[in-house]
Amino acid sequence: MMKKKMILFAGILAAFLMLAVPFAVASVDSEDSYASGSEPVAMIDDASYNTLQEAIDAAESEDTIIVQRDVEVANNSVHIIFEGDRNITLDLNGHSITQTGGKGTGLSYPMIVVRPETTLSIVDSTESDGKISAKTTAVQLQGTLNLISGTISLDSEPTNYEINEYMAAYGIWFYNPEGKYFPTFNMSGGKITFGETQKEFYYAHALTIDDSYGTVNYTDSITVNVTGGMLEGSLCLPGASITIDESVLVDAVAKLGDDCYYDDLDKALWGDTAGDILILKDINVDPETNYLFEITRPITIDGNGKTISCSKASVSDFKLFDINLAEGEVTIENLTLNLAGGSNSRTLNIRGATDITVNIKNSNIINGSHYAINISGSNKLMFAVFVSAHIQVIHHA
């Protein structure tokens, strides 16, 4: 893993997002003004507006802005901004608001900004799946956002830079420097989704807070209530007040600590916060390297009765779990590890320093051809403790 690269890129992105916001005054919608006699962009009651930002600026508290047609919004240093002490509803009305273009820097600006004193509710009054389609950051949240229906999607194709696995895509990005805001996200319906490109990003987070570059975001004043709808990708809000129906998290396979859910076990092992891991779903993997899951810190992995398996038996020297600690203790419990096999394959490989302990409790360790458990090196004091473990080799080639 290239963890330092991941942290560096996420930090650069966070700094970029923060620098972008203070200079934003109003949105410039691309291709959304209308000629005489054509359809307006938005309406409030009987009043029509040429641009979405015009409608937002004109809205009074408790008004509903109804989108009248698909809108394209330029990806530059100005955003769609909701501000002022107002409670506003945005009805997508079956239409799409899409972030387009780019500045050539490789980083996308937040598409929507909700200021601290503002409450924004997003709905879609039709059955046509109205959508907010962003590149890499859909909403920077300083105030309150209620997602009731409709879709927030990170699926507008990023441009002007090379896509790589260390990029980041954020659905809701909580921004709370100095702890002076109280960002709140309530979700009772709707969806936050990712396009195929953004799904490949290492940081594909439906909900996130980023404190890179020394910016303290004071997560204890952030509130998240998710009771319905659908969230793709991962989410991580360490320290925030979170109430979440885990059935909403359609991609989550592992929970790290109390506040982070990941769509990949490897991301949880290299996660954004400390804590133990709870496996949420069975995981079936396709090996691409000579080990799949590397454990490099003391941790407890509770399998929760689930199975992690690899059905391919053709990879030489493959390790399903590779424990490589400098010191400390690893506990694996309530988990089945099942590796089909492969030349010199090892389901659980243990290496590292001389004073580590590996506890295996109420678990099944299975290999279809070679080593269910392998302890490598000359570390005389390294040892494993097996409690209620079923260790099985189907056959030895």
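Remember, it's a predicted structure, so these values are computed and weren't measured experimentally. Counting of residues starts from 1 at the beginning of each chain's written sequence and follows it residue by residue. Since the coordinates come from a predicted model, pLDDT governs what is reported: local features require at least 70, and pairs of side-chain atoms require 80 or more to be given and counted, while whole-chain, interface and lining totals use all residues. Water and hydrogen atoms play no part in the side-chain values, which are based on all heavy atoms of the structure.

1. What to know about the state of the cysteines
A covalent bond between the sulfur atoms of two cysteines is referred to as a disulfide.
Moving on, step 1. For the purposes of this analysis, a disulfide is any pair of cysteine sulfur atoms at a distance within 2.5 Å. Counted under the stated rule, the structure contains 1 disulfide.
Moving on, step 2. Each disulfide pairs two cysteine sulfurs, and for C236 the partner residue is C260, the sulfurs being separated by 1.9 Å. Of note, the bridge from C236 to C260 carries an S-S torsion of about 50° and is right-handed in sense. With a gap of 24 residues between them, C236 in strand 21 (residues 234-236) and C260 in strand 24 (residues 260-262) connect regions that are remote in the sequence.
Moving on, step 3. The class for C260 is buried, based on a relative accessible area of 0%. Helix and strand assignments come from DSSP, with helices taken as H or I runs of at least 4 residues and strands as E runs of at least 2, each series counted from the N terminus. When accessible area is computed with a 1.4 Å probe and restricted to protein chains, residues below 20% of their type maximum are described as buried, those above 50% as exposed, and intermediate ones as partly exposed.

2. A closer look at unusual backbone geometry
Moving on, step 1. Notably, D129 is not glycine yet its phi reads approximately 60°, a positive angle.
Moving on, step 2. One non-glycine residue, N334, lies in positive phi territory at about 55°.

3. Observations regarding the pairing of strand 4 (residues 64-67)
Moving on, step 1. Of the two faces of strand 4, the one holding I65 and V67 is buried and the one holding T64 and I66 is not buried anywhere.
Moving on, step 2. For two strands to be treated as a pair, DSSP must find no fewer than two bridges joining them. With 2 bridges joining them, strand 2 (residues 42-44) and strand 4 adopt antiparallel strand pairing. Paired with M43 across the two strands is I66, which belongs to strand 4.

4. Concerning the sheet that holds strand 10 (residues 119-123)
Moving on, step 1. With mixed pairing, 9 strands are arranged side by side in an open sheet as 3-2-4-7-10-13-16-19-22. Here the strands that pair on one side only, and so sit at the sheet edges, are strand 3 (47-49) and strand 22 (241-244). With strand direction ignored, the average angle separating the axes of adjacent strands in the sheet is 15°. Here the axes come from fitting lines to C-alpha atoms, over the contacting stretch only for helices, and the angles between their N-to-C directions go from 0 to 180 degrees.

5. Quick notes on the packing of aromatic side chains
Moving on, step 1. Ring pairs are drawn from Phe, Tyr and Trp, using the six-membered ring of Trp, whenever the two centres fall within 6.5 Å, and their geometry is named by plane angle: stacked under 30 degrees, edge-to-face over 60, tilted for the rest. According to the stated counting rule, one finds 2 aromatic pairs in the structure shown.
Moving on, step 2. A centroid spacing of 5.7 Å and a plane angle of 75° characterise the contact between F293 and F321, whose relative ring orientation is edge-to-face. Linking F293 in strand 27 (residues 291-295) with F321 in strand 29 (residues 319-325), this pair joins segments that are 28 residues apart in sequence. Summarising the burial analysis for this pair, F293 and F321 share the class buried.

6. Section: the environment of K319
Moving on, step 1. Along the chain, the position of K319 falls in strand 29.
Moving on, step 2. Judged by its relative accessible area of 10%, K319 is buried.
Moving on, step 3. Spatially, the C-alpha atom of K319 lies 6.3 Å from that of N349, the residues being 30 residues apart in sequence.

7. Describing the nonpolar core
Moving on, step 1. For our purposes a nonpolar core is just a set of buried Ala, Val, Leu, Ile, Met, Phe, Trp, Tyr and Cys residues, chained together by side-chain atoms within 4.5 Å. Counting 58 residues, the largest nonpolar core has L52, I65, I172, F174, F185, L207 and L231 as its most contacted members.
Moving on, step 2. When residues of this core are assigned to their parent elements, the largest contribution, 4 residues, is made by strand 18 (residues 203-209).
Moving on, step 3. Setting aside its immediate chain neighbours within four residues, L207 contacts I172, F174, F185, I192, V224, L231, S234, L235, C236 and L237.
Moving on, step 4. Among the nonpolar cores identified, the runner-up in size contains 45 residues, and W173, L256, I350 and I365 belong to it. Contact definition: two residues touch when any of their heavy atoms are within 4.5 Å.

Don't take any of this as a statement about function, it's just geometry.
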